[in-house]
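Tertiary structure, described
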Amino acid sequence: MSRFKVSKFRHMEARPSRREAWIGDIRAGTTPSCRNHIKSSCHLIAFNSDRPGVLGIVPLDGQGEDKRQVAHLGCHSDLVTDLDFSPFDDFLLATGSADRTVKLWRLPAPGQALPSVPGLVLGPEGVQVEVLQFHPTVDGVLVSAAGTAVKVWDVTKQQALTELAAHGDLVQGAVWSRDGALVGTTCKDKQLRIFDPRAKPGASQSTEAHKNSKDGWLVWTGTQEHLVSSGFNQMREREVKLWDTRHFSSALTSITLDTSPGSLMPLLDPDTGLLVLAGKGDSQLYCYEVTPQQPALSPVTQCLLESVLRGAALVPRRALAVMGCEVLRVLQLSDTAIVPVSYHVPRKAVEFHEDLFPDTAGCIPASDPHAWWVGSNQQVQKVSLHPARRPHLSFTSCLVPPAEPSPDQAQPADTPAGDADPSEGFSSPLSSLTSPSTPSSLGPSLSSTSGIGTSPSQRSLQSLLGPSSKFRHAQGTVLHRDSHITNLKGLNLTTPGESDGFCANRLRVAVPLLSSGGQVAVLELRKPGRLPDTALPTMQNGAAVTDLAWDPFDPYRLAVGGEDARIRLWRVPPEGLEEVLTTPEAVLTGHTEKIYSLRFHPLAADVLASSSYDLTIRIWDLKARAERLRLQGHRDQIFGLAWSPDGQHLATVCKDGHLRVYEPRGGPEPLQEGPGPEGARGARVVWVCDGHCLLVSGFDSRSERQLLLYPAKAVAGGPLAVLGLDVAPSTLLPSYDPDTSLVLLTGKGDTRVFLYELLPEAPFFLECNSFTSPDPHKGFILLPKTECDVQEVEFARCLRLRQTSLEPVAFRLPRVRKEFFQDDVFPDTAMSWEPVLSAKAWLGGANGQPRLISLQPPGMTPSQAPREAPARRAPSSALYLEEKSDEQKKEELLSAMVAKLGNREDPLPQDSFEGVDEDEWD
C-alpha cells in the first residue's frame, strides 16, 4: 500500500462462523493429490469425501430445519482430483478423476435425487486428470490437464479444440485469464508458461517460477497482464510471486512465508484484488491485497482457525451479504466440517457501498464455443451487486439439460408431509447395474458417522435406496505394528496374474522370492517382527514359481506349481523352516506346459486340481501321487478355476470368453458353458451364495473392471447382473466369506479393497465401506474364520503383502454391546480344517457335508442387545400442529405439575423419624 493512498481494506476483519453455521457430520477426503478439495457456486457446495470417487453435495445457504443435509454423488470409479462449477450455471459441475475421465453433472435443486449417470464424459486420457477449469466467458469450453498434456475442450461436441504443446513434466495447474484469451500453466519442471490456445499450441512465454518442483499454483488477477503464483523455494520455504506478462523474465515482487510442508492455495478475488492464502494442513488464513500498480503484495489480516485446513474455496461474489459489508467468504474444509469464514469491512451506515462492491461479471455467457474459437473476445456483461438494482437472471446451460422427473419418482400429491424427506439426494443402489462406469450404490451407508445425512423417515429411505447390508459400516483396520512381519527382501512381485502372489493358512505364510531356482520362503505368523538381514531358509523348486497353495487339511504341506510343468509337494517341519529344503516330498508330473493354478478340494483329503498352458485341468490323488481325472474343452488360456462348496463341480473362466462348469466325476467335457467377460486381460471365478451362484471378476471391452453374477444352474443364459467398478490394469482377486456372503475384491498394485454383500436376487450387490491403504499392496488374502477376534466383532482377518512387509488387516463391525456374542454376524462355520471324505471315497462317487462349529467364545451369551445405536425418534409434527382447547392445555399443565411434585398422600420424611423418651430430656 502506498504511503499516499490508504487501502479501504486496512480495517478488514475475518469472522469465522459460529458453530451453528458450520456444515458438520462430514468426513472429508485428505488425499494430497487433490487440488482445492472443495468448490462453491451461488447455490451449492461440492467437496471430496473420504470415499474415493464420491463427492459430498450440500446447499450453500440452508433453509429450515434440514438446511445442512449432505447428499453424496458417486461420480467416478477412482479418486476425484479436481472439480469446478460453471461460472454461469450454478448447478453444472465438472469433475476430473484418477480414472482418466472428465465428467459433467447436472445437479438438481436441494431436496431432489442426485443423478446416477453423468450428462457428458470427456476422455479417457492416457493418465489421470490433474486439473480442470471452465472458461470464464464462454459456456461449453473447458481446459483440462492430464500428465504432461493440456487440452482445450469444446464440450458441446465432446472433442478437443486443441492440445497445447507437451510440458517437460507433470502439469500442476492450468487456469484461464480473466478475459478468457490466455491459459497459464505451472509444471513440475518449475516452469511457468503462458499459452494463447487460439493462436498456436506452443507456449508464447515461459519462465522459471519457483526453485522447488513441489506443488505449484497459479491464479490470474483482474487484468490480462498480471498473475500470482505460489510454490516453494530452494530452502523449501513457501513463497508467493506477482508476475507481469509484459516483463516475464522475473517477478515484480515476492513474499516468503514459512517452511510448512503444505502447499499454498491462492484464492484471489479479481474485483477487489484481495488474495487469501490457504495452506493445506495449516490452522490460519493469510489475506493480502494485490496492487500491480505499486507493485505490491500488502498484508491485510490473518485469521486463526479452530481446526486444520484440508481445502478451501471462495464463494462467488453474487452470493455475498453485501449489505453487511461482506467482501469475501472463504469455505474452509476440515476433516469433519465445512466452516464459512467471512471477511467484513466495518462501516457505520447499513447501506450499499459502491467502493467495496464494484460491478461484477454476470451469469450470462458472452459467446458460444465456435464464436470464441474463431476469434471473438466478447466479455461477460457486468451486473450490479446492489440489492435494488441487481438483475434476477438465471442461466441454464444446454450442455447437460435438466432431467425430467420420471413418473415413478414423482411424489404423490396426497403423500403426508411428515413422510417426505426433502433432503435426500442419493444415487440409486441399482444405478451401477445399468451403468458400469458409475460406482455402485452409495445408499447403504446411512449413519451420521459416515457423513451421509440420515432421513427421519426410515420407510422413505428404504423405498428410495432399496435394501442395505448390515455390514455397510464395516471398518477395515491395519493391526498394530507388533503383529507385522517386516524387513522382507527379494520378494517376487511378478508372479502370473492367475496366482494370488502368496498364500497363507492359520500358522504360516509362503512367499515366492525373486532369486533364481524358484525359491519359496515360509514365514511363521506366530513369530511377527523384523526378519534378520541374512538370507532366509527357503524351499528350492528348481523352476520359477507360477502358483502355490497350502493343503487345508494338512497345515504343513505346501503345493507349488512351476514353469517346468511340475507340481512339487513340500512338507514344512512343525517348528518352521529352519534350513534350506532341496528335496520335495513328492513331484507330480503329467502336464506338458507350465502350471496356471492349483486348487485343493474343499471336502476331500488329498485331492488337488491344477490347470496348465496345455489347456487341460487334471485332478490328482496326492496319496497315490497319480493323476485320476482330466478335463478338457478349453480353447485358450485358463484364467481361473474354483471348486463348488460341496466339491461336486468345478468352474473355470477362460480367455476364449467362456465360463464353464464341469462335473469332474461325470466326464471330461463341460456340463455347462456360457458367455464370460468380454475383455481378455484376466479373470477370476468363485462360487457364492451357498453354491447357487458364480461370481466372475474380469474386464469389459473397454478394459473396465467388472463383476458378473451367474446362476450356477443356468450359466448359458448369461449373467444375472453386471457391476462396473473402475479402470485399472490388474485383475480383481475375489476372497469370499461364505458365512456372511461378503466378497473382498482388490488387485495387485491397488490401494483399495472393495467390499460387497452378495444376494442371489435383486439388487444382487450391496456395497459396504471399502478399505483404502496409503500405498499399493502386492497381494491380499483372507485368513480362516477361526483367526477372527469374535469379541471385537471382527468378521474377517486378512493379510496384506507390501513391498517389504506383511501386515494383518481386521474388518470389524461397530456394535453397541460388544459384551454379547453377535450371533447374526457369526453363524456356525464349517470346520474347513477337517476332511469329510478321503480321496478314494470322493473319486468313487461319495459326497458329504462339512461339520459346523460355533464361534461363540466361552462366557459370552447371544446378543439380546440392539444391533446398532438406536436412532432418536422425533415426535410427529402432528403433535405440535394439533389445536388444543384451553381446558386440555390446563389439564396437561396440572398433570405435569403433579407428576413433578409426586404423590401428596405419601408420608413426609419427618414422619418416619424416631423420637426420644420423656425421661431422656433431663
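Residues numbered from 1 in each chain as written. Predicted model: local features only at pLDDT ≥ 70, side-chain atom pairs only at ≥ 80, totals over all residues. Heavy atoms only, no water.

**Examining the UniProt feature "repeat: WD" (unreviewed entry) in the protein**
- The feature "repeat: WD" (unreviewed entry), as annotated in UniProt, sits at residues 73-107, 588-630 and 631-663 in this numbering.
- Between the C-alpha atoms that bound residues 73-107 the distance is 9 Å, and the span itself is 0% helix and 54% strand.
- Secondary structure content for residues 631-663 is 0% helix and 52% strand, and the end C-alpha separation is 9 Å. (UniProt positions renumbered as here; feature names shortened; annotations may be inferred. Helix = DSSP H or I, 4+ residues; strand = E, 2+ residues; numbered from the N terminus.)

**Focus: the pairing of strand β34 (residues 508-512)**
- The buried fraction of β34 amounts to 5 of the 5 residues, a majority that puts the element mostly inside the structure.
- Across 2 bridges, the pairing between strand β33 (residues 503-504) and β34 is antiparallel. Its bridge partner being in β34, Cys 503 is matched across the sheet by Ala 510.
- Between β33 and the antiparallel strand that follows it, β34, lie 3 residues.
- Note that β34 and strand β35 (residues 519-524) share 5 bridges and pair antiparallel. Bridge pairing in β35 links Pro 512 to Val 520.
- The hairpin formed by β34 and β35 contains 6 residues between the paired strands, and Gly 517 there has a positive phi angle of roughly 90°. (Buried < 20%, exposed > 50% of the residue type's maximum accessible area, 1.4 Å probe, protein only. Pairing = 2+ DSSP bridges.)

**Here's the deal with the pairing of strand β10 (residues 129-134)**
- With 5 of its 6 residues buried, β10 lies for the most part within the structure.
- Two elements, β10 and strand β11 (residues 141-146), share 5 bridges in a ladder whose sense is antiparallel. Residue pairing for β11: Phe 134 is matched across the bridge by Leu 142.
- Remark: 6 residues form the turn of the hairpin made by β10 and β11, two consecutive strands paired antiparallel; Gly 140 in that turn has positive phi of roughly 115°.

**A word on empty space enclosed by the protein**
- Applying the stated criterion across every chain yields a total of 5 cavities of 30 Å³ or more.
- Within this model, the largest cavity holds a volume of roughly 80 Å³.
- Residue lining of the largest cavity: 14 residues in total, with Gln 172, Cys 187, Lys 190, His 210 and Gly 216 positioned closest to the centre.
- Elements with a contribution of two residues or more to the lining of the largest cavity: β15 (183-187) and β19 (226-232). (1 Å grid on protein atoms, 1.4 Å probe; cavity = no way out; pocket = protein on both sides within 12 Å on 5 of 7 lines; lining within 4 Å. Points joined across faces, edges and corners; volume = space filled by probe spheres on them.)

**Overview of the confidence of the model for the protein**
- Considering every residue of the protein, the mean pLDDT works out to 84; 86% of them sit at 70 or more.
- A low-confidence stretch, residues 406-465 (pLDDT under 50), is modelled with 130 contacts involving residues beyond four sequence positions or located in other chains.
- Note on residues 865-882: pLDDT is under 50 here. Beyond four places in sequence and across chains, it has 13 contacts. (pLDDT = per-residue confidence, 0-100. Contact = heavy atoms within 4.5 Å.)

**Concerning the side chain of Thr 731**
- Mapping Thr 731 onto the fold places it in the loop between β53 (721-727) and β54 (733-737).
- Not counting chain neighbours up to four residues away, the residues in contact with Thr 731 comprise Arg 681, Gly 682, Ala 683, Arg 684, Ser 697, Phe 699, Thr 746 and Gly 747.

**A short note on the state of the cysteines**
- Following the criterion strictly, the structure yields 0 disulfides and no others.
- Not engaged in a disulfide, the cysteine Cys 287 finds its nearest cysteine sulfur in Cys 303; these two sulfurs lie 9.9 Å apart. (Disulfide = S-S within 2.5 Å.)

**Topic: the nonpolar core**
- Formed by 28 residues in total, the largest nonpolar core has its most connected members in Met 12, Leu 285, Val 327 and Tyr 343.
- At the level of secondary structure, the elements contributing two or more residues to this core comprise β22 (264-269), β23 (274-279), β24 (284-291), β25 (296-304), β27 (326-333) and β28 (338-344).
- Those residues within four positions of Leu 285 in sequence are excluded, and the remaining contacts are Val 276, Leu 277, Ala 278, Thr 301, Gln 302, Cys 303, Leu 305, Leu 309, Val 330, Val 341 and Tyr 343.
- If you look at the next biggest cluster of nonpolar residues, it comprises 22 residues, including Leu 742, Leu 755, Phe 771 and Ala 796. (Core = buried A, V, L, I, M, F, W, Y, C linked by side-chain atoms within 4.5 Å.)

**Describing the packing of aromatic side chains**
- Counting across every chain of the model gives 13 aromatic pairs.
- With a centroid separation of 6.0 Å and an interplanar angle of 25°, the aromatic rings of Phe 821 and Phe 826 are classed as stacked.
- For Phe 826, a relative accessible area of 3% translates into the label buried.
- Looking at Lys 214, its charged tip hangs above the ring of Phe 232, at a distance of 4.9 Å from the centre. (Phe/Tyr/Trp six-rings, centres within 6.5 Å; stacked < 30°, edge-to-face > 60°. Lys NZ or Arg CZ within 6 Å of the ring centre and 35° of its normal.)

**Some thoughts on the pattern of salt bridges**
- Summed over the entire model, instances satisfying the criterion amount to 53 salt bridges.
- Residue Asp 656 is joined to Arg 660 by a salt bridge in which the shortest nitrogen-to-oxygen separation is 2.7 Å. A single burial state applies to Asp 656 and to Arg 660, both of which are buried.
- Where Arg 797 meets Glu 794, a salt bridge forms, and the shortest distance between an N and an O atom there is 2.4 Å. This pair shows no difference in class: Arg 797 is buried, exactly as Glu 794 is.
- Salt bridges here are not isolated pairs; linked through shared partners, they connect Arg 178, Asp 269, Asp 271 and Arg 317. (Salt bridge = Lys/Arg side-chain N within 4 Å of Asp/Glu carboxyl O.)

**Details of the sheet that holds strand β13 (residues 159-164)**
- Spatial ordering of the open sheet is given by β10-β11-β12-β13, a layout of 4 strands whose pairing is antiparallel. In the strand order of this sheet, the two ends are held by β10 and β13, each with one partner. Pairwise comparison of adjacent strand axes, ignoring direction, gives a mean angle of 25° for this sheet.
- Bridge count between strand β12 (residues 149-154) and β13: 5 bridges; the pairing is antiparallel. Bridge pairing links Trp 153 to Ala 160 in β13. (Axes fitted to C-alpha atoms, helices over the stretch in contact; angles between N-to-C directions.)

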